[in-house]
Amino acid sequence: MKKYLFFRVLRSILSIFLVTTLTYIVIYSMIPRRDVFKSDLMIQKLAATPDKLTDYKNNAFEKMNYLDYLDTKALIKDVEKDNPKVTVTAAHTASNKAQFEKWAKKNNFELKRYKQSKDYYAIRELPLWERLGRFYGNMFQIDTPWAIHDKNNPHLARYLKIENDPTVGWALVGSGTKYRYQIYFNGSFPFIHQNFIHLNLGTSYPTYAGESVMDVIGGRQGPTVTVQKKFKNGQTLNTASDVYTRQYQYRTSKSDTASEQFGDDYSDTEQNLRDPSMIGTSFRAGLIALVISYVVSIPVAILMARKKGKWFDRGGTFVVTLLIAVPSLAFIYTFRYLGSALFGLPDSFPTLGASVASSWVLPAVILGLLQVSGLIIWFRRFMIDQQKSDYVKFAKAKGLNEGEIYSKHIFKNASIPIVQGIPGSIIGLIGGATMTEEVFAMPGMGKMLPDSIIAHNNSIVIALVFIFTTVAVLSVLLGDLLMVIVDPRIKLSSSDSSKGEE
Amino acid sequence: MAESTQNQPEILDSDFTAVKIDEMASEKLDTEKYSYWGSVGRAFFSSKMTIFLLFLMLAILLMSFIQPLFSGYNLNDVANINDFGARYNWPNAKYWFGTDGDGKSLFDAIWAGAKTSISISVIATLITTVIGVAVGAIWGTSKGIDRFMLEVYNVISNVPQLLIIIVLSYSFGNGFWNLIFAMTVTGWLGTAYFIRVQVMIMRDREYNIASKTLGTGLGRMVIRNIMPYLTSVIVTQISLSLPSFISYEVFLSFLGVGLNASVPSLGRLIQTYAPYIVSYPYLFWLPVLVLALIAVSLYLVGQRLADASDPRTHM
């Protein structure tokens, strides 16, 4: 079992890796890179100054990992660093040019000149494999006490210790690390939080320009909220900054009031925002939808199986067939209309916002209902298959009544594939969420995918594919493991590879 | 033999008289005559509901492929844009489905859109089914291919299909054939896997072992012995994939990803008219209704055809 599990996890990781890599290659090799500027307003603003435009474009391409870009200043610095004996300047002299050319040739850079000023700059196209390497190489960022090296603060203490911090309570506190609180506890899910491993999926561009992709997807959204916090200097203040995210602030950009409040160099905080992150929004809606879809479909399927061939079963089959055939978009719009016309629920998420419960009702219910038809068909099938088995006949012969047979015998056996399917239906939820969130303008990952595609935000598209694939692959794995727990007769390890997947 | 015939009196042609062949007698069999497709047709047409659905489906198909030829609907045509009388007409005798803000007839728009949506779905289904069945048949019979294809399938099947289609149609750019390529490039894997399982179940049945013992080759076994059994399964698969491809096309056009801006499709209509859901509800709900009718009739007719093509229902 352990060996099977090990290889299964390994294969899952390989799956995620392959899908992400393929997506990366397809997106970066097929989409013309000039497309990213299609809806960028800066391009028109800068059109009058071609030098700045070149600079802007190349900086953007560098952020997106298309190329390495050195403007004149950086180029001079690099040339001088390479051979400290020579001095080069930005002046357009022959000797400078020779130096630049020599350096560019050595480092595989292409030497170019700005249109107006005729100054030199250098770019190097990154081959696809190198971009991929950088993407995976920088993916996990591990925080250590040796992470920060500040020239202006040579005596920065380096340690990790558990202490009762005045602002956040008991926590694993680091110094010399990027983040102050490595492990901390608070009231929000999942209650224990860590800061020592961070996922880095690149930089977002052109929407949310310059922000890290994980901040865009995983950071909280909405208006800022102030909370009361006790600070190290004894003051209790209302603050809008999220104290748990305290990061090292370099002395050059240090703010005196903030560092006085916290009493150390870790004064760079993020804002405390009201609404859940994109991941959080999708996760919440998905979880409610999952519960709804099972709460609705299991009783209906049981009733249909018990009344097999009667009007309830026939009517139910007809409705389910209709629901399967109707395109999801028509389904979503119809239920959205019904919900807002009959129950007065908001037909768009931002109308009342994430903090009002009624905003969540329609998206979550529709997301759940999208799955119901598929689930009912399967559950009905499982229940009916079980009806014919010997143990049911035996129970009948012993005089058990229908209700007892269904609740104690059939349901337990039919629930094995149901339990296995629960994590698997998350795959369906992801697909449904893309449409539902788009229709309801819900700020979740599902809406972000089409939005970032239309905005040509390649790094976010890849990050979302990565996240969705990871969730989907892990949920299939979890489904198989759950099945073993529910039914001890099933052995994953003895079965061949194909059976494990089914 | 030769000697004995010589001893007998010679038999001449004139000894015989021609008798007309009694066709009735020669064709008479003890068992009832069975024609597979005839039985399929009989089972299929036995239900009035099915005939109604079939007519509905044919009517929709004919409308969407013939009406656009006459209407000459063009998405970018703005001839009536300055005619205030032509704007936002509710459905009436002249404009059966009303008009939109540019004075364009919604009736023409819907059938032009339906043509695109149905074409995409039919072509994509055709491609995925043909490739899926061919690959599935090979996959189910060869162990080496099975091992390789299973790994491929495990990687792809874990990813939501909608995600793959969105990302691919984004990467390949907009266009009719690009969209079909994005839909089919991984879409056939599901069908192939499904057929593989069915082929594996049939492969080891007694009649196939017997056939193999008598020297039937692998190819002949798959094509002549196994495939006929899978007709109803394949038709079921087709009836599921037709509405699902329509659904994908509609959603992609709704996002503005799949087709070019000049190509009308039901998804694009729904997206364009979504803001009028309250002010001019007919503009939004009529395309949705037609979309639902297309998908439901295709699915139900397919399901009934699948039921009818299962020989067990012919008794």
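Numbering of residues starts from 1 in every chain and runs along the sequence as written. All chains are assigned letters beginning at A, and all ligands numbers beginning at 1, according to the order in which they are written. At least 70 in pLDDT is required for a residue's local features to be given in this predicted model, at least 80 for side-chain atom pairs to be given and counted, and no such filter applies to totals for whole chains, interfaces and linings, which use all residues. With hydrogens and water stripped out, all remaining heavy atoms of the structure feed into the side-chain values.

This is how it is decided: UniProt positions are given in the numbering used here, feature names are shortened, and annotations may be inferred rather than shown by experiment.
Looking at an unreviewed UniProt entry, chain B carries the name Oligopeptide ABC transporter permease OppC, with the source organism given as Lacticaseibacillus suilingensis. Listed in UniProt under the heading Subcellular location (unreviewed entry), the comment for chain B reads: "Cell membrane". As its UniProt record puts it under Sequence similarities (unreviewed entry), chain B is described as follows: "Belongs to the binding-protein-dependent transport system permease family. OppBC subfamily."

Chain A is annotated in an unreviewed UniProt entry as ABC transporter permease of Lacticaseibacillus suilingensis. Regarding chain A, the UniProt comment filed under Sequence similarities (unreviewed entry) reads as follows: "Belongs to the binding-protein-dependent transport system permease family." Under the heading Subcellular location (unreviewed entry), UniProt records this for chain A: "Cell membrane".

Notes on the UniProt feature "transmembrane region" (unreviewed entry) in chain B
Residue and element names in this part refer to chain B. To keep things clear, this is the line we draw: By definition, any uninterrupted DSSP run of H or I lasting at least four residues is a helix, any uninterrupted run of E lasting at least two residues is a strand, and each is numbered from the N terminus.
Taking the numbering used here, the UniProt-annotated feature "transmembrane region" (unreviewed entry) corresponds to residues 51–70, 118–140, 152–170, 176–195, 226–246 and 282–302. Here residues 118–140 is 100% helix and 0% strand, with 31 Å between the C-alpha atoms at its ends. As a span, residues 282–302 carries 100% helix and 0% strand, and end to end its C-alpha atoms are 29 Å apart.

Some points on a nonpolar patch on the surface
Residues and elements named next belong to chain A. The condition is simple: Patches were defined on residues exceeding 30% relative accessible area and lacking a salt bridge, with like-charge contacts within 9 Å and nonpolar side-chain contacts (Val, Leu, Ile, Met, Phe, Trp, Tyr) within 5 Å. Accessible areas in this description were obtained via Shrake-Rupley with a 1.4 Å probe; residue shielding takes into account the shown protein chains only. A side-chain nitrogen of Lys or Arg and a carboxyl oxygen of Asp or Glu constitute a salt bridge if their distance falls within 4 Å. Think of it in three bands: residues with accessible area under 20% of the maximum for their type are buried, residues over 50% are exposed, and the middle band is partly exposed, with areas taken using a 1.4 Å probe on protein chains only.
On the surface, a nonpolar cluster with roughly 690 Å² of combined accessible area is contributed by Phe-185, Phe-189, Phe-191, Ile-192, Phe-283 and Leu-287. Tracing the backbone through its elements, the reader meets Phe-191 in the loop between β7 (181–185) and β8 (192–194). Using a relative accessible area of 46% as the deciding quantity, one classes Phe-191 as partly exposed.

Things to note about the sheet that holds strand β2 (residues 110–113) of chain A
Residue and element names in this part refer to chain A. Note the threshold: Strands are treated as partners if at least two bridges between them are detected by DSSP. The convention used is that axes are lines fitted to C-alpha atoms, helices contributing only their stretch in contact, and that angles between N-to-C directions extend from 0 to 180 degrees.
On the basis of which strands lie adjacent, the open sheet formed by three strands has the order β1-β3-β2 and antiparallel pairing. Two strands close off the open sheet at either side, each with one partner strand: β1 (67–70) and β2. With direction set aside, neighbouring strand axes in the sheet form an average angle of 25°. As judged from the four bridges shared by β1 and strand β3 (residues 120–125), these two strands associate in the antiparallel manner. The residue bridging Leu-70 from the neighbouring strand is Ala-122, located in β3.

Some points on the confidence of the model for chain A
All names here are of chain A. How we decide: Per-residue confidence from the prediction method is given by pLDDT, with values spanning 0 to 100. In what follows, residue pairs with any heavy atoms lying within 4.5 Å of each other are defined as contacts.
Confidence in the prediction of chain A, expressed as mean pLDDT, is 83, and 98% of residues score 70 or more. By mean pLDDT, the top-scoring element of chain A is helix α9 (residues 278–306) (89), and the lowest-scoring one is helix α18 (residues 497–501) (42). A low-confidence stretch, residues 495–502 stays under pLDDT 50, and its non-local contacts, those more than four residues away or across chains, total 16 contacts.

Observations concerning the environment of Ser247(B)
Checked against the element boundaries, Ser247(B) lands in helix α11 (residues 231–255). If we skip the residues at most four places from it in the chain, Ser247(B) touches Pro327(A) and Ser328(A).

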